[in-house]
Amino acid sequence: MAIKERMSGNEAVARAIKQINPDVMPAFPITPSTEIPQFVSNMVANGEVDTEFIPVESEHSSMSAAIGASAAGARTLTATSSCGLALMWEVLYVAASNRLPIMMEVVNRALSGPININAEHSDSMGARDSGWIQIYAENNQEAYDNTLQAYRIAEHKDVKLPIMICQDGFITSHAVENIELIEDEPVKKFVGEYEPEHYLLREDEKMSVGPYAISNYCMEAKRAQAQGMINAKQVILDVAKEFEAISGRKYGFFEEYMLEDAEFAVVAIGSVCGTIKDAIDELRSQGVKAGLLKVRVFRPFPGEEMAKALKRCKAVAIMDRAEGYNANGGPLGAELTAAMYKAKVSAEVVNIIYGLSGRDVRVNDVKDVFNKLQALAEGDNQFGEYPYLGLRSL
Amino acid sequence: MEQNKFDFKEIQEREERLAPGHRMCAGCGGTIAVRNVLKALHPGDKAVIGNATGCLEVSTFMYPYTAYEDSYIHNAFENAGATLSGVETAYKALKKKGKIKDDYKFITFGGDGGTYDIGLQSLSGAMERGHDMVYVCYDNGAYMNTSVQRSSATPMYADTTTTPAGKVSDGKPQTRKDLAAVMAAHNIPYVAQTTFIGNMKDLYTKAEKAIYTPGAAFLNVLAPCPRGWKYDAPDIIEICKLAVETCYWPLYEIVDGKWILSYMPKNKLPLEEFLKKQGRFKHLFKSGNEHLLEAFQAEVDRRWEELLTRCNA
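Residues numbered from 1 in each chain as written. Chains lettered and ligands numbered in written order. Predicted model: local features only at pLDDT ≥ 70, side-chain atom pairs only at ≥ 80, totals over all residues.

## Digging into the overall build of chain A
Right, so step 1: Of regular secondary structure, chain A possesses 13 helices and 15 strands.
Right, so step 2: Relative to the 2.2 N^0.38 estimate, which gives 21 Å for 394 residues, the radius of gyration of chain A is 21 Å and therefore close to what a compact globule would have.
Right, so step 3: Taking the contacts inside chain A whose residues are at least 6 apart along the sequence as the reference set, 80% of them involve residues at least 24 apart. (Helix = DSSP H or I, 4+ residues; strand = E, 2+ residues; numbered from the N terminus. Rg over C-alpha atoms; globule rule 2.2 N^0.38 Å. Contact = placed C-beta atoms within 7 Å.)

## Some thoughts on the interface of chain A and chain B
Right, so step 1: Between chain A and chain B, the residue contacts involve 36 residues of the former and 38 residues of the latter.
Right, so step 2: Put simply, the parts of the chain that give the side of chain A that touches chain B at least two residues each are β2 (24-27), β3 (52-55), α3 (59-71), α5 (89-97) and β9 (208-209) of chain A.
Right, so step 3: Per-element accounting of the side of chain A that touches chain B gives the leading share, nine residues, to α3 of chain A.
Right, so step 4: Residue composition of the side of chain A that touches chain B, grouped by class: 21 nonpolar, eight polar and seven charged.
Right, so step 5: Across two bridges, the pairing between β9 of chain A and strand β2 (residues 71-74) of chain B is parallel. From the neighbouring strand, V209 of chain A faces β2 of chain B, where its bridge partner is I73 of chain B. (Nonpolar A, V, L, I, M, F, W, Y, C, P; charged D, E, K, R; others polar. Pairing = 2+ DSSP bridges.)

## Brief notes about the domain arrangement of chain A
All names here are of chain A.
Right, so step 1: Domain annotation for chain A reports domain 1 (3-198 + 207-247) and domain 2 (256-377).
Right, so step 2: Distance from the C-alpha centre of domain 1 to the C-alpha centre of domain 2: 27 Å.
Right, so step 3: Domain 1 puts 26 residues into the contact, and the matching count from domain 2 is 21 residues.
Right, so step 4: Secondary-structure elements contributing two or more residues to the side of domain 1 that touches domain 2 are α6 (122-126), β6 (133-136) and α9 (215-247).
Right, so step 5: If one sorts the elements of the side of domain 1 that touches domain 2 by residue count, α9 sits on top with five residues. (Domains from an automatic or database assignment.)

## Overview of the packing of helix α1 (residues 9-20) of chain A against helix α7 (residues 140-154) of chain A
Residue and element names in this part refer to chain A.
Right, so step 1: As a packed pair, α1 and α7 sit with axes 8 Å apart at the nearest point and diverge in direction by 25°. Relative to α7, the element α1 lies roughly parallel. Two packed elements cross with a definite hand, and for α1 against α7 that hand is right-handed. Along its contact with α1, which presents G9, A12, V13, R15, A16, I17 and I20, the element α7 presents N140, A143, Y144, T147, L148 and Y151. (Axes fitted to C-alpha atoms, helices over the stretch in contact; angles between N-to-C directions. Parallel < 35°, antiparallel > 145°, perpendicular 65-115°, else oblique. Left-handed = near helix turned anticlockwise from the far one by under 90°.)

## Observations regarding the sheet that holds strand β12 (residues 290-295) of chain A
Residues and elements named next belong to chain A.
Right, so step 1: The strand order across the open sheet built from five strands is β10-β12-β11-β14-β15, with neighbouring strands paired in mixed fashion. Either end of the sheet is taken by a strand with one partner, and the two such strands are β10 (254-257) and β15 (348-353). Put simply, the sheet's adjacent strands are angled 20° from each other on average, direction ignored.
Right, so step 2: Alignment of strand β11 (residues 264-269) against β12, held across six bridges, turns out to be parallel. Note that in β12 the partner of V267 across the bridge is L293.
Right, so step 3: This element, helix α12 (residues 331-342), spans β11, β12, β14 (315-320) and β15 of the sheet and lies at about 145° to β14.

Quick look at the structure:
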């Protein structure tokens, strides 16, 4: 029986963590993810979980301790945001290359500067090539569901990679919404026990982790790691199917909203997708064939599948909640445009930067994007040279 | 803590936990430190060894070979403390769940660069949290793996590649950080400073105490580097002896906050005796630089007196 509740995104993932009952969690406070280690600390203090919490002195140590714990054979997680994730950057690569299935709850927030605590994807997008799987949520329900699926993907023998479960700071992490929770028993059964093949504390063998490797070996190791990410695609789909069986909720690489017959599409990640759906509902009632492709899985990047889903569109706006600072746009824009080119998708494409540092996006902003997409399809580019959504004049 | 009698023969006959065939330099002090610290593990006891990036890591665990007879983890340069704290916590968690039954000890090694400098925060955090582990610094007083750059462990006036002695430079202008005292200020149960003296009794005894004292422990081992210090490799034991006899590197321990002097030189030798053996201090012996030797001697004397006061000796 599903449990009807109302809670914030942070509470939702904390509830999922409680149900998973992982072994070790090192964490360091940073807004807006701080609540997650607080919730877990409370569970530890009240004997509700078996988890050992390590109150580390920095995020670098948080990821470093997570690497130690995971290599030692413990199911391990941490949580962070923004600068905390940036401070981990060096060791994110170590976690991935050691093939350690650590889960990290990322509550997306702008990187400095100026220092700002609100939603933006610059933190996890900055780590997009660190070898971590990245799954994004639109709302608290998805943050909860993605957390429950995380270890099944990360620990799979064909994958063995760390995983970030991302949700938008404040908009998702702190806003209280309705949610449907799964009972403890089916969750426990679904997640299963962690039984790693090799680990430091395995009593019948010894193991060395983190070698120096010369060029003769390094490239093969990196290729093997890349294969883990390639394999993750099928595993993500398989796990989603199993999850649907216990939850009734369907997940894939992305969600298509009114996309099947759409002429004009927006591609976006995270909480903004709720607003986009509202705009689409209005436009559809006016006869505009508008649609949304909501990206759930960004790593591995399902470029081919996304391009295929967009191939009938006349014009597509790819929305990035992160600057690329490359004079070319954002990361989703760059990667998806390349994938569309490879798939010979002929739609007009525009890359729009939106919502930086928590800048609000309204239904009218999105409707405006769709209006301009219709013009763009007719050869009239009203977006301008380097489009920013909702920007006041400089 | 129950401590075994120091039986040199029995200890030397124990199986090596750092296997031969690694690529450390001949006469490397770091290797001597690691071998002898690991000898203090009682035969049959299991351990996980940690390691900061440095000479030791790149020379003892070069894929696909490892010199470690125990489980071993290297993570990065600045996080040996945090990494092993994670391993130790995993041990607690898995033991609690009944997933492992054996007892394990946790020992991590870092050079002075990875310990005094870039890894200080991670070390401090791990010690303050009281993980049941030993952090061993093999202190060779510079970044030797990258070719002798100064660290905060480098003695004053040393000629290094980033504090070269030159026409208008006397070598490193600053004095050495006293890391053992910094660690003592963490109020952990055991801190000790040692080096290679005689039959290694001091090192062995302190390593054994550090490993078998419950809670966090820190061991600072002076581990000369023939390449960086510029001396004849076979002179290492003599140099260590002079470091102690001149009181440049006093031997002491801090047990539950109590400072204890391990060795009182009968005749405290002039610092010059230690310095003149090493090429990195060559410029101090040029005429006109007598004041530098005096200033260095005064600094060593001041610290020695301070230590005697702390030890009530």
